[in-house]
Structures are given as structure tokens and as C-alpha cells.
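# An overview of the molecular structure
Chain by chain, the residues:
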Amino acid sequence: MSDSAVIVDRVSKKFRMYKERNQSLKAAIMRGKKSIAEDFWAVQDVSFEVPRGATFGLIGRNGSGKSTLLKCLARILHPDRGSITMNGKAASLLEVGSGFHPELSGRENVFLNGSILGLSKKEVASRFDEIVEFSGVGKFIDQPVKNYSSGMYVRLGFSVAIHVQPDILVVDEVLAVGDGAFKKKSQNKFVEFTKSGRTVILVTHSLAQVREMCNQVAWLDQGRLAAVGDADEVTQKYQAHLDAAGS
Ligand SMILES: Nc1ncnc2c1ncn2[C@@H]1O[C@H](COP(=O)(O)OP(=O)(O)OP(=O)(O)O)[C@@H](O)[C@H]1O
């Protein structure tokens, strides 16, 4: 088996940008079916490998393509060019309570989410107490999740995803929502998770968090890979770049 959990090979992703959005109906009819659009490449020709057991961060300025690449890794988007190979079972947690059904209770959502992430009912049942305990949702577990605070939503979603024990966990800023205590608990969980040979890929805007949590980093700049490798080295380069640009 390869030592790489994930292989990103010359991945590019484009979006169609439509012009003249505010035109009149008459102008649109006159122009017929032709619409004026151009391609915008949000991710361009990016290649790297994520070693098994790494906590791998994606960094870069706003709009550099981090979320787009993360969505490709989570299979929410498909690259227009290149390929992504996942060596193992992957689970992703990209939006607050993604995959949660608002009308269902926390309990029902844990079972639903667990099964979406590939666990049997029995497997979810055996981890249920631990999932609830970690989330801190407590007695609210039988309330519809539409009544949860955003913090409760995220904590429960994160708790399900991490207890499903995927080989590769793809997360987006989830820890930004939790409070300090939950962040610490989650970081410890990540350490435990990666020690058992599992891999975490995350996006965060906090360089301090990247330094603290990640051992490998990819830096994206205008959709292209600016640097990849050891977290300290790459974050230093990125910081120097930001300082030079005066931001
Ligand atoms: N669905 C879409 N349609 C058109 N353009 C998009 C779409 N999604 C993202 N983009 C554009 O692609 C570029 C990269 O966006 P992306 O969200 O991946 O960046 P990011 O690095 O995650 O930014 P941020 O740090 O602000 O979250 C941006 O210019 C964005 O406007």
C-alpha cells in the first residue's frame, strides 16, 4: 500500500463566470440563447501528496482556491483536469452540520450521518454515547437540530465525523466555531486520530492554528501551488510573503 493517503495530481478546477448579470429581459431576449461567459480557473495544475498519518493544512489568501480544492478532495466538486486518489475511506465535514436534517433530532441525525459516512446502525449504536459525550450536546440530543446553536451543530457534526474513524478526514474551519475548550479537545482528538495512521486535511485562516496542528502544509496563491512541505518552513515562507506585501 502506498505511503500517501492522498495523491493530488495536476488538479485544475474552473468556474464559468457569466457577464452582464444585470441586463434587462429585453436585452437577454434580443441576444437569444448566447450568453457571455468566461472560464475562471480557481485551482490550476496543483499536485502534491499527503503522507499517511499527516495533519495537512491548506493555506493562502482569501480567494486563493483553498475551499475549492477542499471540495474536490471531499468529492463535492470534480476537477476539470487532473485526478485525486484517496487511499482509504474518506469522510468530510465542510459546512456547519453538513448532512444534518433540521427537523430530525440530534440522535436521529447521528444515526443518519453515521450511515451516510459508511457505518452500520449497530456500529453507530456502539459509538453513540461517546459521540454525544464528546459533542457536549447533552440532554439536547433528543431535540430537533434546528433548535441548536451553531456551536452545538458543529460540535455534533464534528463528533460524528471523527468517531466514524475514516482513514482520511477532510475538514473546513470547523474548529473556528467551537469555543476554546472544544478546540483543545478537538486538537487532542486529531493527535489521537493521526497517531493511529489516519490523515486529516484541513483549511484554516489561522496561521497559529496551522503551526500548532499541522505537520505538512500546501500554500495556494491565486489557484496555484506556491509551496508544499514541512509546516514550519511553508508557513514561514507564507508569512514572509504576507509581510513583504504589507498585509
Ligand atoms: N461556485 C463558484 N462560482 C464562481 N466562482 C467561484 C465559485 N466558488 C469559488 N469561486 C471563486 O474561486 C476563487 C477561489 O475561491 P475559494 O473559495 O476556493 O478560495 P478560498 O481560498 O477558500 O477563499 P477564502 O479564504 O476567502 O475562503 C475565488 O475567486 C472565488 O470567487
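Each value, and the rule that gives it
- What you see as residue numbers is a count from 1 along each chain, following the sequence as written.
- Under the rules for a predicted model, residues below a pLDDT of 70 receive no local features and side-chain atom pairs below 80 are neither given nor counted, while totals for whole chains, interfaces and linings still include all residues.
- UniProt positions are given in the numbering used here, feature names are shortened, and annotations may be inferred rather than shown by experiment.
- The domain limits used here are those given by an automatic or database domain assignment.
- Distance between backbone-placed C-beta atoms decides contact: two residues are in contact if it is within 7 Å.
- Numbering of helices and strands starts at the N terminus; helices are DSSP runs of H or I of at least 4 residues and strands are runs of E of at least 2.
- Put simply, Ala, Val, Leu, Ile, Met, Phe, Trp, Tyr, Cys and Pro go in the nonpolar bin, Asp, Glu, Lys and Arg in the charged bin, and everything else, Gly too, in the polar bin.
- Working convention: axes come from line fits to C-alpha atoms, limited for helices to the stretch in contact. Angles between N-to-C directions cover 0 to 180 degrees.
- By the definition adopted for this analysis, an angle is roughly parallel if under 35 degrees, roughly antiparallel if over 145, roughly perpendicular if from 65 to 115, and oblique otherwise.
- Crossing handedness follows the turn of the near helix against the far one: under a right angle anticlockwise gives a left-handed crossing, and clockwise gives a right-handed one.
- A pair of strands is considered paired only if DSSP assigns at least 2 bridges between the two.
- In this analysis a residue is considered near a molecule or strand if the C-beta atom, reconstructed from its backbone, is found within 6 Å of that molecule or strand.

- You'll find the protein entered in an unreviewed UniProt entry as ABC-type polysaccharide/polyol phosphate transport system ATPase subunit, with Microcella alkaliphila given as the organism.
- Of the protein, the UniProt comment under Sequence similarities (unreviewed entry) reads exactly: "Belongs to the ABC transporter superfamily."

### Things to note about the domain arrangement of the protein
- Partitioning the protein into structural domains gives domain 1 (1–19 + 37–88 + 168–247) and domain 2 (101–166).
- The C-alpha centroid of domain 2 is placed 25 Å from the C-alpha centroid of domain 1.
- Every contact between the two is made by 10 residues of domain 1 and, on the other side, 9 residues of domain 2.
- Every element with two or more residues in the side of domain 1 that touches domain 2 is listed here: β6 (168–172), α6 (174–177) and α7 (180–195).
- With 4 residues, the single largest contributor to the side of domain 1 that touches domain 2 is α7.
- Its residues assigned to classes, the side of domain 1 that touches domain 2 comprises 6 nonpolar, 2 polar and 2 charged.

### A word on the packing of helix α4 (residues 121–135) against helix α5 (residues 150–163)
- Close contact between α4 and α5 brings their axes to 8 Å; oriented N to C, the two are set at 140 degrees. With respect to their mutual orientation, α4 and α5 come out oblique. Seen along the crossing, α4 lies across α5 with a hand that is right-handed. Counted together, R127, E130, I131, F134 and S135 of α4 and R155, L156, S159, V160 and H163 of α5 form the full contact between these two elements.
- Class assignment for the residues of the contact of α4 with α5 results in 4 nonpolar, 3 polar and 3 charged.

### Remarks on the sheet that holds strand β3 (residues 55–59)
- Here we have 6 strands laid out as an open sheet, ordered β5-β6-β7-β3-β8-β9, and mixed in their pairing. Every other strand in the sheet has two partners, leaving β5 (90–93) and β9 (224–230) as the edge strands with one partner each. Taken over all neighbouring pairs, the strand axes of this sheet differ in orientation by 15 degrees on average, direction set aside.
- In terms of strand pairing, β3 meets strand β7 (residues 199–203) through 4 bridges, oriented parallel. When the sheet's bridge partners are listed, G57 is paired in β7 with L202.
- Of the strands in this sheet, β3, β8 (216–221) and β9 touch helix α9 (residues 231–244), which is tilted by about 140 degrees from β9.

### Quick look at the site of the ligand
- Taken together, F15, F40, A42, G60, N62, G63, S64, G65, K66, S67 and T68 make up all the residues around the ligand.
- The set of elements that each furnish at least two residues to the shell around the ligand consists of β2 (37–51) and α2 (66–73).
- If you tally residues by element for the shell around the ligand, the top one is α2, at 3 residues.
- The class makeup of the residues in the shell around the ligand is 3 nonpolar, 7 polar and 1 charged.

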